[in-house]
Each structure stands twice: as C-alpha cells, then as structure tokens.
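# Fold and geometry: a report
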Amino acid sequence: MSNTSTKSADLTPRPLRTISAHDDWHIGIAYLPGEKRLVTCSHLHGTVKIWNAENGEQEGMEMEHGGGVEGFAVTKDGKRMLSGDKHKLLRVWDLETHQPIAEWDGHEANISCIATSPDDQLVASGDHAGMILIREMNLKEDGRIKHAIETGLHHVHSICFSPDGTKLASGHFDNTIQVFDVETCDELILGQIEGHTHWVYSVVWSLDGSRLFTVIHAITLSPDGTKLASASSDRTVRFWGTDSGDPIGEPLQHEGGVQAITFSPSGEFVACADLDGKVSIWRVPWWNDSKKVIAYVQLSGRAVSHAHCHSRHINRC
C-alpha cells in the first residue's frame, strides 16, 4: 500500500479575472456586444469606464458624470450609455468617443434607475419622488418626453421594459412592484404586487414576458432565459433555474458585498461588481467548453434567505 497521501482537490470556484475598476461602489455593469468589453459605473464619483474583459485593461478615458450617480443603462446596440444623478439630469454618452452627446432634464428629484426598450427607441427613468419618465431616444428632439407616470409611491428603485417593449415594470421603496402599459401609461396593468419584505432593487422579465423575477439586490437573466444569477451583500453570487427556482452549482464567493451583475451575451461568463470597486469575471458552472453548449447542472443545496428568487406570472393580463 502506498504511503503517499492524497490531498483533496480544492473545488471552490475562482474568478477568471479581477479588475480594480473604481475606488467606490458600483451602481451598474454591462457587457458590450461581442463580450470583449465591459462598461462599469461608480456611485460616489460618478465615473464610467470601459474595460477589455480579456486582459483587464481600461480602454480610453473615463467618462465623468459627477457625484451621486444612481441610474445607469447601456443601449442594446452598445453605442450609447445613459446615466442619471442627484442633479436630476439624464445624460447620454457616445461609447466610442467617450463624450456626452445629450443632457435631458424633466425630473424633480434624484434619478435612481434607467432602462432602455428592446429596440433602443425609448428610455425610461425613475426618481426618488416616484416619477417615471418615458422618452423617445431621439437626439434631434432633445429627448422628448412621451409619458410622465406618477406612480404614487416614494422612490422608484428599478424599472425594466418587457421583451416586446409594450410593458414597463417598476420596483419601489415600499417593497412593491407595478406594471404599466408603455403606450398609454394611464392605468396599472398589474399592481401593486406585494410579497417582498425589503425595497425592490431589481426587476427582470422572463424572455416570453409572462413572468417577473425580483430580488432585493441585483439580478440578471441568462441569454437563453433558463437561469438567473443573483447578487447580495452577503458577498455571494448564486445561480437559479428559472422554472424550478432551484439553486444551480455552488455560490461564487467574493471579498465584498456584490452590488451589480450581468451575464455575457453568449451566457458563458458572468461579471460581478462589488462594494469595494472590484469587478470579477467568472465562467458559469454549467458551461461545457468542449461542445460550447449550455448543460443544465443542478446540485443539491438550500437557498439562503437573501436570495429567494420571486417570480410572478402576468400572462393573464
């Protein structure tokens, strides 16, 4: 019998790359088309940077919005970025030149969240006073306001267009969710939806538009719509099956609380931004490199309370 001792392999997931992106906490992160570049936005200093996701190097100069940035979004074509701040201004940036190309007012309180429609023709922004503005993404018309929605609730934390662009969901300070018709916006389609015990920081639609996924920190849907990744202040990122709600794989452990998260366009990677200003890039646990397909891997385990993935069917509306 051999006296050689065998050490158990360390199977703890590790990031492929970690980037020291900012010196304060992130409010947003997004992949650009082709998934070779990442856009990150910080809160306190209001800086936006573009990174090479493969080598971790910054590309071009940073974009300085000013302090107190809370709202952040990147258009689906990857050409423009929008940011909103405590000065109640919505700014549009050209991501190739890194220059601001428009500045729109209209809000009477701090802008807290921004979303673009699936066709990039509309942009919605919510503020601390419960107002949502829907604008046409038309620089020649200076961001003409199409609808102004008084939600009747304090502080819009999150907004998201449905996949077909006809509905807008909003998450609020009072732990509720509302759904509006984008064309009329004169009455609620659904709401107020209750069930959360904390502010609704993130709202995401299923690919078929029949369900809403919500969580109190940050959540992102995989490109094929079968999985979710949730981020939390408990320093973990967890994966879930959208149909079963069961956890997938092991939690991804971080050094600090995770504030923002996004899947890459192919679904192979997930990028996470934490409260310490770091960005980590991970390969998802079910990725099969040899076949380049997504394999559904479900491991036993229990979800911790922070990451319960709530969904609500709305196809009856």
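The text that follows walks through the structure, step by step, so that each part is easy to find. It should be emphasised that the depicted structure is a prediction, and the values quoted were computed from it without experimental measurement. The numbers attached to residues start from 1 for each chain and follow its sequence in the written order. Per-residue local features are limited, in this predicted model, to residues with pLDDT of at least 70; the limit for side-chain atom pairs, both in listing and counting, is 80 or more; totals at the level of whole chains, interfaces and linings are taken over all residues. For the side-chain quantities, the full set of heavy atoms in the structure was used; hydrogens and water were omitted.

Moving on, we get to the sheet that holds strand β4 (residues 47-52). The strand order β2-β3-β4-β5 describes an open sheet built from 4 strands, whose pairing is antiparallel. The strands lining the two open edges of the sheet, one partner per strand, are β2 (26-31) and β5 (58-64). On average, each strand axis in the sheet is inclined to that of its neighbour by 15 degrees, with strand direction left out of account. Sheet topology places β2 next to strand β3 (residues 37-42); 5 bridges connect them, and they run antiparallel. Looking at β3, one finds that G28 is bridged to C41. Only strands joined by at least two bridges in the DSSP assignment are considered to pair. In this text, helices come from DSSP runs of H or I with a minimum length of four residues, and strands from runs of E with a minimum of two, each type numbered from the N-terminal end. Working convention: axes come from line fits to C-alpha atoms, limited for helices to the stretch in contact. Angles between N-to-C directions cover 0 to 180 degrees.

So, about the packing of aromatic side chains. Paired rings are identified among Phe, Tyr and Trp, the last through its six-membered ring, by centres lying within 6.5 Å, and are further divided according to the angle between planes into stacked (under 30 degrees), edge-to-face (over 60) and tilted (the rest). Under the defined criterion, the tally for this structure stands at 3 aromatic pairs. Note on F239 and F263: the rings are 6.4 Å apart at their centroids and 45 degrees apart in plane angle, and the pair reads as tilted. One end of the pair, F239, is in strand β22 (residues 236-241); the other, F263, is in strand β24 (residues 258-263), with 24 residues separating them in the sequence. Across the pair, F263 and F239 agree in class, each one buried. Aromatic pair F263 and W286: ring centres 6.3 Å apart, planes at 50 degrees, arrangement tilted. With F263 in strand β24 and W286 in the loop between β26 (278-283) and β27 (287-288), the pair connects residues that are 23 residues apart, well separated along the chain. Of the two residues examined, F263 and W286, each falls in the buried class. The rings of F239, F263 and W286 are connected pair by pair, giving a single aromatic cluster. Throughout, exposure labels follow a simple rule: accessible area from a 1.4 Å probe, protein chains only, divided by the maximum for the residue type, with under 20% read as buried, over 50% as exposed, and the rest as partly exposed.

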